[in-house]
Every structure is written in structure tokens, then in C-alpha cells.
Amino acid sequence: MTGRVTGVVAFVANLFERLGIIDAERFRPTMELAWPRIITGFAIMSKQTADLAMVGTAVGTAGTAGLAYALAYWELVTMLGLGLAGGTVSLVSQNYGGEATDRASLVVTQSVLLAVVFALPVVAVFLAFPNALIELLGSKAAPIDHGRTYLVFVAPAALFELCNLIASRTYTGVGDTFTEMVARAGGAVLNVLLSGLLIFGFGLGVAGAAIGTTLSTGFVTVVLAWGMTGRSYGWLGMAPSPVPITADGPWIDRELIRELIEISLPEIGRRLAAGAVVFPLLWIAATFGPVIVTALEVGRRVRGLINSVNWGLSLAASSLVGQHLGSSEEGEAAAYGTAIIRLSVVLYAGIAALVIVLSEPIAVPFVSESSEVPAAAAFVAVGAVSSIGFGLDGAAAGVLLGAGDTRLPFLASLAGRYLFAIPAALLGPVTPLGIAALYLALLLETYVPGGINYWLVRRGRWKAVSRRYRPSTTGSETEVEVGTGAEDEAKKETED
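Residues numbered from 1 in each chain as written. Predicted model: local features only at pLDDT ≥ 70, side-chain atom pairs only at ≥ 80, totals over all residues. Heavy atoms only, no water.

**Thoughts on the nonpolar core**
Thought 1: By size, the foremost hydrophobic cluster in this structure holds 138 residues, and its most contacted members are Y150, L281, L282 and W462.
Thought 2: A total of 17 residues in this core trace back to one element, the largest contributor, which is helix α3 (residues 61–97).
Thought 3: The contacts of W462, once residues within four sequence positions are left out, are V321, L325, A333, A334, V399, L400, A403, D405, L456 and V457. (Core = buried A, V, L, I, M, F, W, Y, C linked by side-chain atoms within 4.5 Å. Buried < 20%, exposed > 50% of the residue type's maximum accessible area, 1.4 Å probe, protein only. Helix = DSSP H or I, 4+ residues; strand = E, 2+ residues; numbered from the N terminus. Contact = heavy atoms within 4.5 Å.)

**Side note on the pattern of salt bridges**
Thought 1: Under the definition given, this model contains 15 salt bridges.
Thought 2: For the salt bridge of D145 with R148, the shortest nitrogen-to-oxygen distance reads 2.2 Å. Note that D145 and R148 are positioned in helix α6 (residues 141–154) at a spacing of three residues, about one turn of the helix.
Thought 3: Relative accessible area serves as the criterion here: at 26%, R148 is assigned to the partly exposed category.
Thought 4: One salt bridge connects E161 with R184, and the closest N-O pair in it is separated by 3.4 Å. Remark: R184 occurs in helix α8 (residues 178–201) and E161 occurs in helix α7 (residues 157–173); sequence separation between them is 23 residues.
Thought 5: We classify E161 as buried; its relative accessible area is 1%.
Thought 6: Among the residues examined, R184 registers a relative accessible area of 3% and is labelled buried.
Thought 7: Salt bridges here are not isolated pairs; linked through shared partners, they connect E75, E297, R300 and R301. (Salt bridge = Lys/Arg side-chain N within 4 Å of Asp/Glu carboxyl O.)

**A word on the packing of helix α2 (residues 24–58) against α3**
Thought 1: Remark: α2 packs on α3, axes separated minimally by 9 Å, with the N-to-C direction vectors making an angle of 160°. Considering the angle they form, α2 stands roughly antiparallel to α3. Handedness of the α2/α3 crossing: right-handed. In this structure, α2 contributes Q48, D51, L52, V55 and G56 to the contact, and α3 contributes G63, T64, L67, L71 and W74.
Thought 2: When grouped by side-chain class, the residues that make up the contact of α2 with α3 number five nonpolar, four polar and one charged. (Axes fitted to C-alpha atoms, helices over the stretch in contact; angles between N-to-C directions. Parallel < 35°, antiparallel > 145°, perpendicular 65-115°, else oblique. Left-handed = near helix turned anticlockwise from the far one by under 90°. Nonpolar A, V, L, I, M, F, W, Y, C, P; charged D, E, K, R; others polar.)

**Digging into the packing of α3 against helix α13 (residues 308–326)**
Thought 1: Direction vectors running N to C along α3 and α13 enclose 35°, while the axes themselves pass 7 Å from each other. Regarding α3 and α13, the two cross each other, and that crossing is right-handed. Counting all contacts with α3, which are made through L82, V89, S93, Q94 and G97, the residues of α13 involved are W311, L315, S318, S319, G322, Q323 and G326.
Thought 2: Tallied by class, the residues present in the contact of α3 with α13 amount to four nonpolar, eight polar and no charged.

**Points about the packing of aromatic side chains**
Thought 1: Per the counting criterion, the structure on display carries four aromatic pairs.
Thought 2: Where F16 meets F27, the ring centres are 5.6 Å apart and the plane angle is 55°; that geometry is what we call tilted. Separated by eleven residues along the polypeptide, F16 in helix α1 (residues 2–18) and F27 in helix α2 bring together distant segments of the chain. Accessibility assignment for this pair places F16 and F27 in one class, buried.
Thought 3: The interplanar angle of 80° and the centroid separation of 6.4 Å between the aromatic rings of Y73 and F126 together place this pair among those described as edge-to-face. Here the residue Y73 occupies a position in helix α3, and F126 occupies one in helix α4 (residues 101–128), the gap between them amounting to 53 residues. In this structure, Y73 and F126 share a single accessibility class: buried.
Thought 4: An aromatic cluster of at least three residues, connected via ring pairs, comprises Y73, F126 and F279.
Thought 5: Here the basic side chain of R231 rests over the ring of W226, its NZ or CZ set 5.1 Å away from the ring centre. (Phe/Tyr/Trp six-rings, centres within 6.5 Å; stacked < 30°, edge-to-face > 60°. Lys NZ or Arg CZ within 6 Å of the ring centre and 35° of its normal.)

**Some remarks on α6**
Thought 1: The first and last C-alpha atoms of α6 sit 20 Å apart over 14 residues, in line with the 20 Å expected at 1.5 Å per residue.
Thought 2: The set of residues buried in α6 consists of P143, I144, G147, Y150, L151 and V154. Angularly, the buried residues of α6 cover 130° about the axis, an arc narrow enough to put them on a single face.
Thought 3: Those residues of α6 hidden inside the fold are in contact with α2, α3, α4, α5 (130–135), α7 and α9 (205–228). (Expected span 1.5 Å × (residues − 1). Arc of directions from axis to C-beta.)

**Some details on unusual backbone geometry**
Thought 1: Its identity as a non-glycine residue notwithstanding, E99 has a phi of 65°, on the positive side.
Thought 2: Its place among the elements puts E99 in the loop between α3 and α4.
Thought 3: Look at S328: it is not a glycine, yet its phi comes out positive at around 60°.
Thought 4: Note on placement: S328 falls in the loop between α13 and α14 (330–357).

**Remarks on a nonpolar patch on the surface**
Thought 1: Taken together, the side chains of L408, L411, L414 and Y418 define a hydrophobic patch exposed on the protein surface, amounting to about 300 Å² of accessible area.
Thought 2: In this fold, L414 is placed in helix α17 (residues 407–426).
Thought 3: By relative accessible area, L414 is classed as partly exposed at 30%. (Patch = residues over 30% accessible without salt bridge, like charges linked within 9 Å, V, L, I, M, F, W, Y side chains within 5 Å. Areas by Shrake-Rupley, 256 points an atom, 1.4 Å probe, with all protein chains shown as cover.)

Written out as C-alpha cells, the structure is:
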């Protein structure tokens, strides 16, 4: 069996090389890092998607509309964690690649402390103001009640999720994506089992979905914490972290916290900008009724499942680019970055085509009436097309993140979502475009930042940015390949 798998991998690697997408010698380490992360991303994204489908079956459109409102806030939690974890993977990969493992371990400690500081106020707000938060998005009594219920019961999971994302990115930064995959996939399976039991077995509806998510997310936290403190998993095949959190300290390093915040804040902004765009979209969708709210959320959730590919390829780009930059191999870092971007776009296009063909069967489990299927299927198809922009955006942003260059991608995210997508969506209620304006917004939301970030990668200035964060190099000592204007500019900037 192992020989057959190896043969298939070799065939695919050689095929992509002949097509000029990615060299075989770069495809293998890329996919070794990426495929467990893809499964991890699918596991993470599938939890809310499964909850949406089960609530749709058990409660109906009012339940799924309320869940859509609550999940908008949960998405902010995930995006906050991803932004902070983005700074973590950048510093961990560069320090680990530069053989500064003690410093990499200290980075992880600072990241966990920041995750707790960020998460506790979020938990408090969810518990204290659930009704006010949901009422910002909807006006119908039943969806508001369901959304409030979900937000209250899922609140404790915010702390678990932020810590889980830090652990996941730490493992990615050191080149181990298998351990987090096992933990996250186990959590996803547990979520489906618990939520299904609580929703259908105990009749808890939306509350059952939230409780299942909280318990399964807490389970993942316990599993990852075991390895993050350097403990062995024994026969499970999962590895303890080579940059563990230790009780010896030091617990606070102001310089590392400064670097972590400097890198993470723009990435947090980029992620939150991507997550917060759903609020005006849901508000606009609500003007067309609960069915369109549900259809929009179904399209976004299916797109999120497709975007699981980015969880692997984007993080592989960050890790591989960061490690090669940490070793002052800028040419190889650039080669990996451009190849992974090409691979991402090709994979997304293939998956999107398949989802478009199957859009109606995919939509069926999420709605309670057959008359609602066409609306949901249309959003599934549009979400699939827009996912290709996500593929370009995620891979390009991953390259920039590996270098610690996060400010311009943040601005690109703002431009795509708030200068293009939201104005397009606002045309819906006031022009004949109607619901089609929401379709346009979904497309602009991904393709605009994707195009900008791809241009930033091509420009090449990210190499100069990375030299500020490498563990043992200075601008005058860093190897720079001369051959393009961008690289010459980078060298000049460093020397100045």
C-alpha cells in the first residue's frame, strides 16, 4: 500500500512539473506539510458547517438564520486567533530554521499568553451581551433567539480556539503538520457526534450545536497542550513539540512580545477585515428574508470548506519560505513561494468546477423546503467561483507572512472587502441588481486582495522585510540574489 501511495505522489509530482506548475523536488516537501493541514482545516471548518446542516434539519430556516448571525461572531474569534498565530508561525519558523530553538520556544510562550489576554474579554462580551450582538444583524424574533442561545453556549470555546490555533501554527512552523491534524480531526469527529447526539437525541436544537462545539474544542486544547509542553504521545505517532512551553521561564520577553505584536497586528487586522465583512453582508441579506440569509451562509460555509486547501498551502508557504529565509536562502524562498501560488490556483479551480456541478445536491441538507434549494445552490456556485480568489490570496499572503511582511496584505484585505465588496452589496436593496449584488460582493471580496497580494509577491520587497526578524543575520551579511529590480531595491533598503 505504501508503495502505491508513493507511486501516486511521484506521478502527480512529475505531472505538475511537466505542466510547469511546481518542480517535483519542491512539490514533495510542500505537500508533506500541506496535506495534514488541509485535513486540519477541513476538520475545523466542517464543525460549523455540520452544525448548520443539522440545525437546518432539526429546527428549520429560523434556526439556520440565527446560527448564521452567531457564527459571524465566532468567525471573528477564529480570525483573531489566526492573525495572532500568523505572527507565531513567522517567528517560530525563522528562529527554528536558524537553529535558535530556545528563542522559538519563548516565542510560543509569549503567543499563548497573548492568546489568553485576547480571549478573555471576548468570552465576557459574548456572555454579557448576546442579545444586543445578535440584534445588530437581524430583526426577526425567532432567528434572534436562536442566535443568542448559540452565542452564550459557545462563548467558553473562544479561549480554547485561540490556544488551539497557536499550537497548530507552532507545529506548522517546525515542519510537523501531522500532530495537529490528528488532534483537530479527532475534535471534528467528536463535534459531529456530540452535536448530533445533543440536537437529535436530547432535542436541544441550537444549544446542542453550541455545547458540542465547546466540548470538542476543549478536547482539542487538552490534546495539543500535552505535546506543547514537551510530553510524548507514545504509540499514537504524534510528536511532542521541539519548541515546548516550559515552567522554567522566562515567561515574559519584552523584545519578543514587541516583535510578535508588530508582525501579528497587521495580520490580525487582515484576518478581522476578512471576517467582519460578513456583518454588513448578513445585514443586507436580511433585507431579503431568512431564506437568503441562510443561502448566503451556506455559500460561505461551502466556500470555507473549499478554502481548507489554503490551510495547508498557505501555511506551507509561510513555513517553507520562513525557514529558507531564516537560513538566508532568499532565492529558494522565492522559488517555493511562486510555485505554491501556481499550485494553489490550479487546485482551487479544479475543486470549484466540481462544486459548481454538484451545487444543488450540496445545498439540499441545509434548507428545510425544496423551494429554498435553488437560492442556496446559486450561492454555493458563486462561493465556489470566489474560492479561486481565496486560493490566490491565501498562498500569496502565506509567502509574505513567512517573511514577516504583514502590513500591505492587511491593506489589501481592507481594499477588497470595504472599498469593493461592501459597496457592491449595498447596491442590492436599492437597484434592480437585487440578490445578484451579493454574488458580486462575494467575488470582489476574494479576487481584489488576491490580485494585490500576488503583485506584492512579484515585487519582491518582502525579502528585505524578513531581514529584520532573522535570528542571526544583518542587512550587510544577508545573501541577496541580484537579478531583478525588486531584489536590487531590497538590498539598497537593507544597506541604508
